[in-house]
Amino acid sequence: MIQKEITQNIQYTFKYNTTMGRHGWLRLTPAYSVRLVEEILSALDYSPKCVMEPFSGTGTTELVCANKGISSFALEINPFLVWLGNAKLEAYSMEKIKEFLNVAHRLTLDIDSFVPAAFPPIHNFHRWWGIQQAQFLAKLKTAINTIKDTEIHQLLKVAFCRIIIELSNAAFNHVSTSFKESNDVLFSFEFGKETYLSICQMVARGASIQPLVSSKIFLQDARSLPNKYIGTYDTVITSPPYPNRISYIRELRPYMYWMDYLETSEQASELDWHAIGGTWGKATSLLATWKSNGSLPQYVYDIANKISIADNKSAHLMANYVLKYFEDIKTHLSAVYSGLTSEGKVFYIIGNSNFYGITVPAECIYVDIMKQIGFINTEYKIVRKRNCNKQLYEFVVSAQKR
């Protein structure tokens, strides 16, 4: 029974990360808290030899581990997030950091001399950026791409990612992106320069906090782990996408288009289809004809059936979405179980969801899928109440290999 006194506990959200060095380099609302990972690690009754994070996202788990001197590696299906996470994990010398700031200052001084790059082909571009902001970003992109030093170029791009959003009309008053009125009339290149240099200072402060051990993020679909990973990790700490139809690809579009990881909406929807929990673009039509393999506990199909007969035109689609999500998660958990060392432990930070008044108890379903696979000591605990709906909570689901 969920207790009424459970609160939002913002220390367990991405907001806690914003002042935590490299963790604050880029905002991603669904990101989970540094503090939560630290608490999971401190509560272990053993010293992990290697932690694996199969849904790297912005690199939270592996960066916490690297800062604590714990060996780790991570997997991620999105190539932009692979780049960002590895940039966070890089060791930067103080000489490089100083040079990075000097180069940033020089580029902003000369910003008017650079030919602007082409605006990225994101749909409804000027809903995102006014003309002046877009021109500034396009010139800054060209300027950054003149720098050949790999580490300096990387830090300049991290700061560029941040200013992409700082100068946009995006508003973050909801878990999914919304838009505010453009402030194009009030914008000046001088303001853009000051903003970028301020961001560079923030990035430099984070870069100066050196990880104690190295870590790496690999481009990989978490549903299938290559043999090279088997037996290499004894702990998993991760937060997979929630079964709530929030698309990471949709939220990451502004970065991915400006950084040339996306060129077309078709590429975006293709990547979303391959990501667990993706339903944006092409994924929506493919879900309509998707067929279940019948491998989940029966009550999950009963829940999906209730969703499918709800009074909504998307009811059947959402029923398929829920089933595909958990069948994909079962495939993933089976792969994780095979690669985990004997008596190794897993920790999944996950939220429940609600479709048309029908609750999808993700925490219970994860526990029961884990039991099907062979995990023991399966349990969940409530972490916090999520602010988007009074019925939605975040949990840590844990289990151990036999």
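Residues numbered from 1 in each chain as written. Predicted model: local features only at pLDDT ≥ 70, side-chain atom pairs only at ≥ 80, totals over all residues. Heavy atoms only, no water.

Chemist: Would you take a moment to explain the environment of T378 for this structure?
Modeler: Relative to the assigned elements, T378 resides in strand 10 (residues 376–385). A residue is classified by how much of its surface remains accessible, and T378, at 18% relative accessible area, is buried. It is 7.3 Å that separates the C-alpha atoms of T378 and V397, two residues lying 19 residues apart in sequence. Apart from the residues within four sequence positions on either side, T378 is in contact with V367, M370, K371, S398 and A399. (Helix = DSSP H or I, 4+ residues; strand = E, 2+ residues; numbered from the N terminus. Buried < 20%, exposed > 50% of the residue type's maximum accessible area, 1.4 Å probe, protein only. Contact = heavy atoms within 4.5 Å.)

Chemist: Would you mind showing me how to read the sheet that holds strand 6 (residues 233–238) here?
Modeler: Hydrogen bonds between backbone atoms are what pair the strands of a sheet, whose relative direction is either parallel or antiparallel. One open sheet holds the 7 strands; their spatial order is 5-2-1-6-7-11-10, and the pairing between them is mixed. Edge strands, defined here as strands with exactly one partner in the open sheet, are strand 5 (216–219) and strand 10. The sheet shows a mean angle of 20 degrees between the axes of neighbouring strands, taken without regard to direction. Of the strand pairs in this sheet, strand 6 and strand 7 (residues 340–351) are connected by 5 bridges, and their pairing is parallel. From the neighbouring strand, T238 faces strand 7, where its bridge partner is Y348. In the packing of helix 2 (residues 60–68) onto the sheet, the strands contacted are strand 1 (51–53), strand 2 (72–76), strand 5 and strand 6, and the crossing angle to strand 1 comes to about 155 degrees. Across the sheet, helix 14 (residues 362–373) lies against strand 7, strand 10 and strand 11 (393–400), angled at about 165 degrees from strand 10, the strand it touches most. (Pairing = 2+ DSSP bridges. Axes fitted to C-alpha atoms, helices over the stretch in contact; angles between N-to-C directions.)

Chemist: I'm lost on helix 1 (residues 34–43) in this one. Help?
Modeler: Each α-helix turn comprises 3.6 residues. Residues three or four places apart therefore point the same way. When helix 1 is considered as a whole, its buried residues turn out to be V34, L36, V37, I40 and L41. Down the axis, helix 1 shows its buried residues gathered within 165 degrees of arc, on one side only. Those residues of helix 1 that are exposed and aimed more than 90 degrees away from the buried face are S42 and A43. For helix 1, the secondary structure elements touched by its buried residues are strand 1, helix 2, strand 6, strand 7, strand 10 and strand 11. A distance of 3.0 Å separates the backbone nitrogen of R35 from a side-chain oxygen at the start of helix 1, and that oxygen is part of S33. (Arc of directions from axis to C-beta. Polar contact = N/O pair within 3.5 Å; in protein donor to acceptor, adjacent residues only side chain to side chain.)

In short, the description is geometric, and any link to function would need to be established separately.
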